[in-house]
Amino acid sequence: MRIARFVVDAEPQYGLIEGEPDAPAQDLEVVVLHGDPFFQGIQPTTTRHRLADVRLVAPIIPRSKIVGVGRNWADHASELGNEVPDSPQFFLKPNTSVVGPGEPVTLPSWTEQVSYEAELAVVIGTICKDVPADRVDDVVFGYTVGNDLTARDAQKADLQWARAKGFDGSCPLGPWIETGLKSADTEDLGIRMELDGALVQDGRTADMVFGVREIVSAVSQAFTLLPGDVILTGTPAGVGLVEAGQRTEATVEGIGTLATLYRR
C-alpha cells in the first residue's frame, strides 16, 4: 500500500493511493484515511479524491528525528575522497529540514555548493530499541524516497555536519510511503537521480556497504526510535551541485519519484 499525506481545502490528511504503480497522477485516486495511520492503523473512509485534485506534501514529518547514514556506498565515498567505514556512520537532521514532493527548496544564502543525494528512506512504525537484524521488519512502517541535500562548503568548513546537512528544506521526502516492501525486497532496488532531465545518479542498493537490516539495527542501538522517525540509507556516486531554477527527480524502484525545485 502507498500511504500519502495531502492537503485539500487547506486541511492536511492521510490517504491511501489507489491505481497502477506506474500510472500518471490523473489516473490515480486517494482514499482518505481516518486519523493518523501511525497510531490508529490504516482505516479507509468512504471519501476519495482524484490525486490530480489534491496537493501532496511530505508523507511524514518526524516527531523525533531523521538519521542519516554517511559513506554507505563505496563509489560515493571514493568520489568525495573518503574511506569506507567499518561500521555505519550516523548524522542527524531536524524535522524542520523536511519538505514534500514538488515543494521548492530555498538555497541558503551562506552556501554556494548545495548538492543532491537520491536515497532510499526507511520510515519507523513503532517505538523500539536494540532491534535485532532479523526483527527489523517488525518495526518498519514502510519506505519512501529521500533527497539528502548537503552544503558541501559548510560540510568541509564546519567541525560538525549540523548546518551542512540540517538547513531548512535539506530533506525532501515523498511522494508517499510504500508499506508493501520487506527488508529483503530492498536488497537490490534501483536508485536514480535526474537533474533537469539528465541522468546523474544510477545505482542499486545491492552496492550499499550496509543493508537496511544492518542499518536499522545499528541505529536502534544508538537511539530509541519512535513512530515516524526516518532513516536515510546513503547515496550512490554521481552527486553534484544544484542551482536556483533547477529541478531534480529522485527515483527508487518500486516506490516512486520525488521531485524537488530550487530557488534563491
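What this report covers is the structure whose coordinates are included nearby. Worth saying up front: this structure is predicted, and the values here are computed from it rather than measured.

**Things to note about the nonpolar core**
Ranked by internal contacts, the top residues of the largest apolar core, which has 43 residues, are Val-122, Tyr-143, Val-216 and Ile-231. Within the residue set of this core, elements represented by two or more residues are strand 6 (66-70), strand 11 (118-124), strand 12 (140-147), strand 15 (190-195), helix 5 (212-222), strand 18 (247-252) and strand 19 (256-263). Once residues within four sequence positions are removed from consideration, Ile-231 is found in contact with Val-67, Val-69, Leu-120, Ala-121, Val-122, Ile-124, Ile-215, Val-216, Val-219 and Leu-225.

**Thoughts on unusual backbone geometry**
Between Gly-174 and the following residue, Pro-175, the backbone shows a cis peptide bond with an omega angle of 0°. With respect to the helices, strands and loops of the structure, Pro-175 is situated in strand 14 (residues 171-178). The phi angle at Ala-10 is positive, at roughly 65°, despite the residue not being glycine. Checked against the element boundaries, Ala-10 lands in the loop between strand 1 (2-8) and strand 2 (11-18). When its relative accessible area of 72% is taken as the criterion, Ala-10 is described as exposed. In this structure, Asp-130 takes a positive phi of about 55° despite not being glycine. Structurally, the position occupied by Asp-130 is in the loop between strand 11 and strand 12. Accessibility expressed as a relative area gives 47% for Asp-130, which makes it partly exposed.

**Observations concerning the environment of Arg-2**
Along the chain, the position of Arg-2 falls in strand 1. The spacing of Arg-2 and Phe-38 is 36 residues in sequence and 13 Å in space, taken between C-alpha atoms. Once residues within four sequence positions are removed from consideration, Arg-2 is found in contact with Gly-15, Leu-16, Ile-17, Glu-18, Gly-19, Glu-20, Pro-21, Leu-28, Trp-176, Ile-177 and Glu-178. Polar contacts involving the side chain of Arg-2 include one to the main-chain carbonyl oxygen of Gly-19, which spans 2.6 Å.

**Digging into the pattern of salt bridges**
The tally for this structure, following the rule as stated, stands at 18 salt bridges. In this structure, the salt-bridge partner of Arg-63 is Asp-36, at a minimum N-O distance of 2.4 Å. Pair noted here: Arg-63 is in the loop between strand 5 (55-57) and strand 6 and Asp-36 is in the loop between strand 3 (29-33) and helix 1 (37-40), with a separation of 27 residues, a long-range link. When its relative accessible area of 44% is taken as the criterion, Arg-63 is described as partly exposed. Close ionic contact of Asp-148 with Lys-93 constitutes a salt bridge, the shortest N to O distance being 2.8 Å.

**Details of the environment of Ile-3**
With respect to the element layout, Ile-3 can be found in strand 1. Put simply, Ile-3 and Arg-264 are 261 residues apart on the chain and 31 Å apart in space, counted from C-alpha to C-alpha. Those residues within four positions of Ile-3 in sequence are excluded, and the remaining contacts are Tyr-14, Gly-15, Leu-16, Leu-33, Pro-37, Ile-42, Pro-59, Phe-141, Trp-176, Ile-177 and Thr-179.

**Focus on the side chain of Thr-205**
With respect to the element layout, Thr-205 can be found in the loop between strand 16 (198-204) and helix 5. Residues contacting Thr-205, with those up to four places away along its chain left out, are Trp-73, Leu-120, Thr-186, Glu-187, Asp-188, Leu-189 and Ile-191.

**Digging into the packing of aromatic side chains**
According to the stated counting rule, one finds five aromatic pairs in the structure shown. An aromatic cluster of at least three residues, connected via ring pairs, comprises Tyr-14, Phe-38 and Phe-141. The ring of Trp-110 has Arg-163 sitting right over it, with the charged end atom 4.5 Å from the ring centre.

Conventions adopted
Residues numbered from 1 in each chain as written. Predicted model: local features only at pLDDT ≥ 70, side-chain atom pairs only at ≥ 80, totals over all residues. Heavy atoms only, no water. Core = buried A, V, L, I, M, F, W, Y, C linked by side-chain atoms within 4.5 Å. Buried < 20%, exposed > 50% of the residue type's maximum accessible area, 1.4 Å probe, protein only. Helix = DSSP H or I, 4+ residues; strand = E, 2+ residues; numbered from the N terminus. Contact = heavy atoms within 4.5 Å. Polar contact = N/O pair within 3.5 Å; in protein donor to acceptor, adjacent residues only side chain to side chain. Salt bridge = Lys/Arg side-chain N within 4 Å of Asp/Glu carboxyl O. Phe/Tyr/Trp six-rings, centres within 6.5 Å; stacked < 30°, edge-to-face > 60°. Lys NZ or Arg CZ within 6 Å of the ring centre and 35° of its normal.

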